[in-house]
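What the coordinates show
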Amino acid sequence: MSQQEKMKFGIIGAGNIGTVHTKTLAKLQDKAETVAITDVYLPLAEERAAEHKIGKVYRTSDELLADQDIQAVVIGVPNKYHAPLAIQALEAGKHVIIEKPMAVSLEAARDIVRAQRKAQKTVMVPHQMRFEAGARMLKQHTDELGHIYNAKAGWFRRKGIPGWGTWFTRKDDSGGGPLIDIGVHLLDLSLYLMGNPKPVSVSGSTYAEFGPHKRGIGNWGTPNWDGIFDVEDLATALIKMEDGSTLTLEVSWAVNNVIENNGPFVHLMGSKGGASLQGKKAMLYKEESDKAVDIKLEVPEVKEDPRIFMYEHFIECVNQGKEPISNVMTGFTNNLVLDAIYRSSKTGNEIKIDWEI
Ligand SMILES: NC(=O)c1ccc[n+]([C@@H]2O[C@H](COP(=O)([O-])OP(=O)(O)OC[C@H]3O[C@@H](n4cnc5c(N)ncnc54)[C@H](O)[C@@H]3O)[C@@H](O)[C@H]2O)c1
């Protein structure tokens, strides 16, 4: 594809996030075009197509993936279907954007890595938090921190259980609760800001104090009170890296506390300095003549959605044959850690990570 041509996308899943992706792509008019959409609930795909002037609505993902006009697909469906659709898309010769978590299980994540290696197509997991202004600014300063030997990250939603009783709260469909839903964003962001150290062992615990009692409900997704809740609503973990560094990750969908204003946070502790990121606020913590110095980074007001930068990055990577910063191996690393946290919680033991693919 020449640099001037628009990249042609197909969207699989016209729900909440499918709509977000469709809107983002519509803003990238000179670089990208959504040419087709599908959803198992066809009226939704038809609605999105009418809203965004998408030319083709397919009844099935099989039909969409057979469309030779489509170069890249966006997979925005419940977690359970990420791997089968991603593998099918790679086999059909498409570049793939797979929503987080990359896979519902470690086995499924391994299958995606193998399929990507065989197909030699670009895979990106759209962790938009890496592209937010504060994170981009902080990333420019992480070299100043020396060896980042410890990090603490999390997101404690006070009342934020999404779609109670729908696929979100069914382990078979989602793979888990807040850990795999929002924790994966903070795990991904922390490892990225730490310089991608290699996780080697994990201890974790999970809890379910709210969900089973239909408490702690948020406003993402419509509840189905006849459904089931068999996932955690809080998770905590200590992740140890090959270089000796550690990461504490803690997340909840529901909790009786206000921790860091119930928003996402990352704190980095380095041998030469520290840093923290909380929403748009990015701080550096340094020393001058043995005195503590706090520096507030001037994060620019960026009007564009961070997903615009994410898509520009993806398109550039495909065009130039480069690996996206959030790729199949960073997605796999996240799945390795998530799996180890759940296994540690179940067995009560520390889990050694097995990197074999
Ligand atoms: N990056 C983010 O911040 C972010 C935010 C929200 C959701 N997500 C992720 O996006 C994915 C979807 O979440 P959502 O909130 O949009 O869910 P949703 O339930 O609103 O939408 C999912 C859509 O997929 C359709 N669908 C289900 N199986 C399908 C299949 N096999 N083929 C085609 N369509 C199918 C459903 O009919 C539904 O319309 C999840 O993996 C979730 O983790 C990411």
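Residues numbered from 1 in each chain as written. Predicted model: local features only at pLDDT ≥ 70, side-chain atom pairs only at ≥ 80, totals over all residues. Heavy atoms only, no water.

1. Points about the sheet that holds strand S1 (residues 7-12)
Across the sheet, six strands lie side by side as S3-S2-S1-S4-S5-S6; this open sheet has parallel pairing. The sheet terminates laterally at strand S3 (56-58) and strand S6 (123-124), the two strands that pair on one side only. With two bridges connecting them, strand S5 (residues 95-98) and S6 associate as parallel partners. Among the inter-strand pairings, Ile97 is bridged to a residue of S6, identified as Met124. Contacts between helix H9 (residues 306-320) and the sheet are confined to S1, strand S2 (32-38), strand S4 (72-75), S5 and S6, with S1 contributing the most and set at about 120 degrees to the helix. (Pairing = 2+ DSSP bridges. Helix = DSSP H or I, 4+ residues; strand = E, 2+ residues; numbered from the N terminus. Contact = heavy atoms within 4.5 Å. Axes fitted to C-alpha atoms, helices over the stretch in contact; angles between N-to-C directions.)

2. Details of helix H10 (residues 328-347)
Between its first and last C-alpha, H10 extends 28 Å over 20 residues, near the 28 Å set by a 1.5 Å rise per residue. Of all the 20 residues making up H10, 15 are buried; the element is thus mostly covered by neighbouring parts of the structure. Where H10 ends, the next residue or the one after it, Gly348, has phi of about 80 degrees, a positive value. (Expected span 1.5 Å × (residues − 1). Buried < 20%, exposed > 50% of the residue type's maximum accessible area, 1.4 Å probe, protein only.)

3. Observations concerning the pairing of strand S10 (residues 246-252)
Most of S10 sits out of view: five of its seven residues are buried. Here strand S9 (residues 234-241) runs beside S10; their pairing, made up of seven bridges, is antiparallel. What sits directly across from Thr236, in S10, is Glu250.

4. Brief notes about the packing of aromatic side chains
One pass over the full model with this rule turns up seven aromatic pairs. Taking the centre distance of 5.4 Å and the plane angle of 35 degrees together, the rings of Trp164 and Trp225 count as tilted. Of this pair, Trp164 sits in the loop between strand S7 (148-156) and helix H7 (171-174) while Trp225 is found in the loop between strand S8 (199-207) and S9, placing the two residues 61 residues apart along the sequence. Classification of Trp164 by relative accessible area gives buried; the value is 4%. With a relative accessible area of 40%, Trp225 lands in the partly exposed category. With a centroid separation of 6.3 Å and an interplanar angle of 75 degrees, the aromatic rings of Phe332 and Trp355 are classed as edge-to-face. Of the two residues, Phe332 sits in helix H10 while Trp355 sits in the segment after strand S15 (351-352), which places them 23 residues apart along the sequence. You can call Phe332 buried: its relative accessible area is 0%. Over the ring of Tyr192 we find Arg130; its NZ or CZ atom is 4.4 Å from the centre of that ring. Over the aromatic face of Tyr342 sits the side chain of Lys171, whose NZ or CZ is 3.8 Å from the ring centroid. (Phe/Tyr/Trp six-rings, centres within 6.5 Å; stacked < 30°, edge-to-face > 60°. Lys NZ or Arg CZ within 6 Å of the ring centre and 35° of its normal.)

5. A word on the domain arrangement of the chain
The assigned domain composition of the chain is domain 1 (7-128) and domain 2 (130-305 + 335-352). The C-alpha-based centres of domain 1 and domain 2 are spaced at 26 Å. Taking both sides of the interface into account, the surface hidden between domain 1 and domain 2 amounts to around 1600 Å²; carbon and sulfur atoms contribute 56%. Looking only at domain 1, the three residues that lose the most surface to domain 2 are Leu106, His127 and Gln128, adding up to 37% of its buried area. (Domains from an automatic or database assignment. Buried area = accessible area lost by both parts, 1.4 Å probe.)

6. Considering the pattern of salt bridges
Opposite charge on two side chains permits pairing when their charged atoms draw close. Applying the stated rule across the entire model yields 20 salt bridges. Across the pair Lys8 and Asp69 runs a salt bridge, and its minimum N-O distance is 3.5 Å. Taken together, the residues span a long stretch of sequence, with Lys8 in strand S1 and Asp69 in the loop between helix H3 (61-65) and S4 at a distance of 61 residues. For Asp69, a relative accessible area of 32% puts it in the partly exposed group. Three or more residues joined by partner-sharing salt bridges are found here, namely Lys8, Lys56, Asp67 and Asp69. (Salt bridge = Lys/Arg side-chain N within 4 Å of Asp/Glu carboxyl O.)

7. Let's talk about the packing of helix H5 (residues 106-119) against H10
Two elements in contact, H5 and H10, have axes whose closest approach is 9 Å; the angle formed by their N-to-C orientations is 165 degrees. Relative to H10, the element H5 is oriented roughly antiparallel. Here H5 and H10 pass one another in a crossing that is left-handed. Facing H5, whose interface residues are Leu106, Ala109, Arg110, Ile112, Val113, Gln116 and Arg117, H10 presents Val328, Met329, Phe332, Asn335, Leu336 and Asp339. For the contact of H5 with H10, the per-class residue count stands at eight nonpolar, two polar and three charged. (Parallel < 35°, antiparallel > 145°, perpendicular 65-115°, else oblique. Left-handed = near helix turned anticlockwise from the far one by under 90°. Nonpolar A, V, L, I, M, F, W, Y, C, P; charged D, E, K, R; others polar.)

8. Section: the site of the ligand
Lining the immediate surroundings of the ligand are 23 residues, of which Ile17, Asp39, Asn79, His82 and Gln128 lie closest. Here an oxygen atom of the ligand sits 3.1 Å away from a polar atom, N or O, in the side chain of His185. Bound to the protein, the ligand loses 85% of the 850 Å² it would expose on its own. Here the shell around the ligand spans two domains, since at least three of its residues come from each of domain 1 (7-128) and domain 2 (130-305 + 335-352). (Near = heavy atom within 4 Å. Polar contact = N/O pair within 3.5 Å; in protein donor to acceptor, adjacent residues only side chain to side chain. Areas by Shrake-Rupley, 256 points an atom, 1.4 Å probe, with all protein chains shown as cover.)

9. A short note on the packing of helix H4 (residues 82-91) against H5
Taken N-terminus to C-terminus, the directions of H4 and H5 make an angle of 10 degrees; their axes are 9 Å apart at the nearest point. Here H5 runs roughly parallel to H4, going by the angle between their axes. Side by side, H4 and H5 meet where Ala83, Ala86, Ile87 and Leu90 of the first sit next to Ala108, Asp111, Ile112, Ala115, Gln116 and Ala119 of the second. Looking at the contact of H4 with H5, its residues break down into eight nonpolar, one polar and one charged.

10. Quick word on the nonpolar core
One finds Val96, Met102, Ile112, Leu247 and Leu268 to be the most contacted residues of the largest nonpolar core, which totals 80 residues. The biggest single contributor to this core is helix H8 (residues 178-194), with eleven residues. Residues lining this core come from more than one domain, with at least three contributed by each of domain 1 (7-128) and domain 2 (130-305 + 335-352). In this view, Leu268 contacts Thr142, Leu145, Ile148, Asn150, Ala151, Leu193, Met194, Gly274 and Ala275; residues no more than four positions away in its chain are not counted. (Core = buried A, V, L, I, M, F, W, Y, C linked by side-chain atoms within 4.5 Å.)

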